[in-house]
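# Descriptive structure summary
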Amino acid sequence: MPDTRTVGIVGARGHTGAELIRLVAAHPGFELAFVSSRELDGQPVSAHVPEYPGSLRYANIAHEELGDFGVDACVLALPNGKSDACIAGLGARGGEPVIVDLSADHRFDDDWYYGLPELTRDRYVGQEHIANPGCYASAMQFAIAPVRDLVEGPVQCFGVSGYSGAGTTPSDRNDVDKLRDNLMPYALVDHLHEREVSRQSGLAVEFMPHVAPHFRGLTVTANLHLREPTTLDAVRARYADRYGDEPLLRVDDNAPWVSRIAGRHGAEVGGFTLSNDGRRLVVVATLDNLLKGAATQAMQNLNLALGFPETEGIPVE
Ligand SMILES: NC(=O)C1=CN([C@@H]2O[C@H](COP(=O)(O)OP(=O)(O)OC[C@H]3O[C@@H](n4cnc5c(N)ncnc54)[C@H](OP(=O)(O)O)[C@@H]3O)[C@@H](O)[C@H]2O)C=CC1
Ligand SMILES: CC(=O)N[C@@H](CCC(=O)OP(=O)(O)O)C(=O)O
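None of the values given here were measured: they were computed from a predicted structure.

Within the structure, ligand 1 sits among 26 residues, and Arg 13, Thr 16, Ser 37, Leu 78 and Asn 289 are positioned closest to it. One nitrogen or oxygen atom from the main chain of His 15 is found 3.0 Å from an oxygen atom belonging to ligand 1. For ligand 1, whose free accessible area comes to 890 Å², the fraction covered by protein is 87%. Put simply, the parts of the chain that give the shell around ligand 1 at least two residues each are helix H1 (15–26) and helix H8 (291–306). Here the residues of the shell around ligand 1 are counted per class, giving eight nonpolar, 14 polar and four charged. In terms of domain composition, the shell around ligand 1 takes at least three residues from each of domain 1 (5–133 + 293–306) and domain 2 (135–289).

If you want it as structure tokens, here you go:
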């Protein structure tokens, strides 16, 4: 096991930031070095994240001062468009920390490793800059990957997320009054995760997201047209082969339910349904957007980059 490594979190007030604090604090080989937030500057972390046992306080740290901490790794949990100033700051004193960016800023950047561990870990060759995938994008890729080579034509994905997916900046998509008894469609073409999955899978993906009144957890139903007829047994065998040894992925014949995934670290894939002609397959994938869709995935990526076993510090059920 490597020595203790120091980790900082930028954007620690947010939904994903809070999950990261819990995970980093509980990791046997990580020490939380700083947690930045403008709004919570000076407040004890334990007042907002009761599971955190230490005395660290949030700090409003200017991006250009991030390098002063000399951390081994830093997770950026900021809105899109903010990462470059942080990256410059982290490198300002000559340090080269591992950077895991939760935003979409570098998911299309070939100089960054795209860290969806179950599907891309064989491409990890020591990169220090890691783009964490989008939450829906992770679920869509888990649904598609085992049959990717059988798919013909565009893939349609219907997605429903809890409103924590929309972050803490007020909008219709996290307004509990507007969401009550409601299902809110948005970004029905050209969602960023549509482009992300299309790029990663090499398939045309048509994604239709919705936000629902629950807080956390998302579900994606993928409609896959196949080149040739197949059977349910063949489909089941592919998913079992691909994910059977993955501690954070569970395959089940029954369609997974979003209500059962909230607060859990893995993803579930199942509900395999085939048309009578054997050429249209429907697959459902669920995950907690704040965990496997963000913070848990970031922990897997940190473990990989810092030399720990990939699921170290992650409660695997
Ligand atoms: N929520 C989710 O399900 C998922 C989110 N992501 C991505 O992770 C990132 C964080 O998401 P989430 O935690 O939901 O977001 P939140 O809105 O909950 O939190 C955003 C954080 O960024 C800080 N922040 C906001 N604006 C700025 C700014 N202009 N400059 C510096 N800091 C700022 C806020 O703290 P303060 O204002 O106190 O400084 C806060 O800590 C985003 O890029 C998001 O797209 C990825 C996967 C899933
Ligand atoms: C419900 C909701 O609004 N969800 C967000 C997904 C959050 C996320 O993963 O977005 P990034 O790609 O920016 O990291 C959305 O659709 O934009």
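So, about the domain arrangement of the protein chain. Taken as a whole, the protein chain is organised into domain 1 (5–133 + 293–306) and domain 2 (135–289). The distance between the C-alpha centroids of domain 1 and domain 2 comes to 26 Å. Each partner contributes to the interface: domain 1 provides 21 residues, whereas domain 2 provides 26 residues. Each partner contributes to the roughly 2,000 Å² buried at the junction of domain 1 and domain 2, and carbon and sulfur atoms together form 52% of this total. Among the residues of domain 1 in contact with domain 2, His 15, Phe 108 and Leu 119 are the three that bury the most area, contributing 32% of the side total. Seen at the junction of domain 1 and domain 2, the total is four salt bridges. Taking the shortest distance from any N to any O, the salt bridge between Arg 216 and Glu 19 comes out at 2.9 Å. Taken together, the links from domain 1 to domain 2 amount to twelve residue pairs in polar contact (both at pLDDT 80 or more). Among the elements of the structure, H1, helix H3 (117–120) and H8 are those that each provide at least two residues to the side of domain 1 that touches domain 2. The residue inventory of the side of domain 1 that touches domain 2, partitioned by class, reads eight nonpolar, five polar and eight charged.

Rules of the game
The numbering scheme is per chain: residues are counted from 1 as the chain's sequence reads. Ligands are numbered from 1 and chains lettered from A, in the order in which they are written. Owing to the predicted nature of the model, reporting of local features is limited to residues with pLDDT of at least 70; listing and counting of side-chain atom pairs is limited to 80 or more, with chain, interface and lining totals taken over all residues. Excluding hydrogens and water, the side-chain figures rest on all heavy atoms present in the structure. For each residue, the test is whether any non-hydrogen atom lies within 4 Å of the molecule or strand; if one does, the residue is near. Definition of a polar contact: a pair of N or O atoms within 3.5 Å, with one able to donate and the other able to accept a hydrogen when the atoms are protein atoms, and with sequence-neighbouring residues admitted only if both atoms are side-chain atoms. The method behind every accessible area is Shrake-Rupley, applied with a 1.4 Å probe, and residues are considered shielded solely by the protein chains displayed. What counts as a helix is a DSSP run of H or I of at least four residues, what counts as a strand is a run of E of at least two, and both are numbered from the N terminus. When residues are grouped by polarity, Ala, Val, Leu, Ile, Met, Phe, Trp, Tyr, Cys and Pro land in nonpolar, Asp, Glu, Lys and Arg in charged, and all others, Gly among them, in polar. Start and end points for every domain follow an automatic or database-based domain assignment. Here, two residues are considered to be in contact whenever any of their heavy atoms come within 4.5 Å of each other. By buried area we mean how much accessible surface two parts lose on assembly, using a 1.4 Å probe and totalling the loss over both. Salt-bridge detection follows one rule: a side-chain nitrogen of Lys or Arg within 4 Å of a carboxyl oxygen of Asp or Glu.

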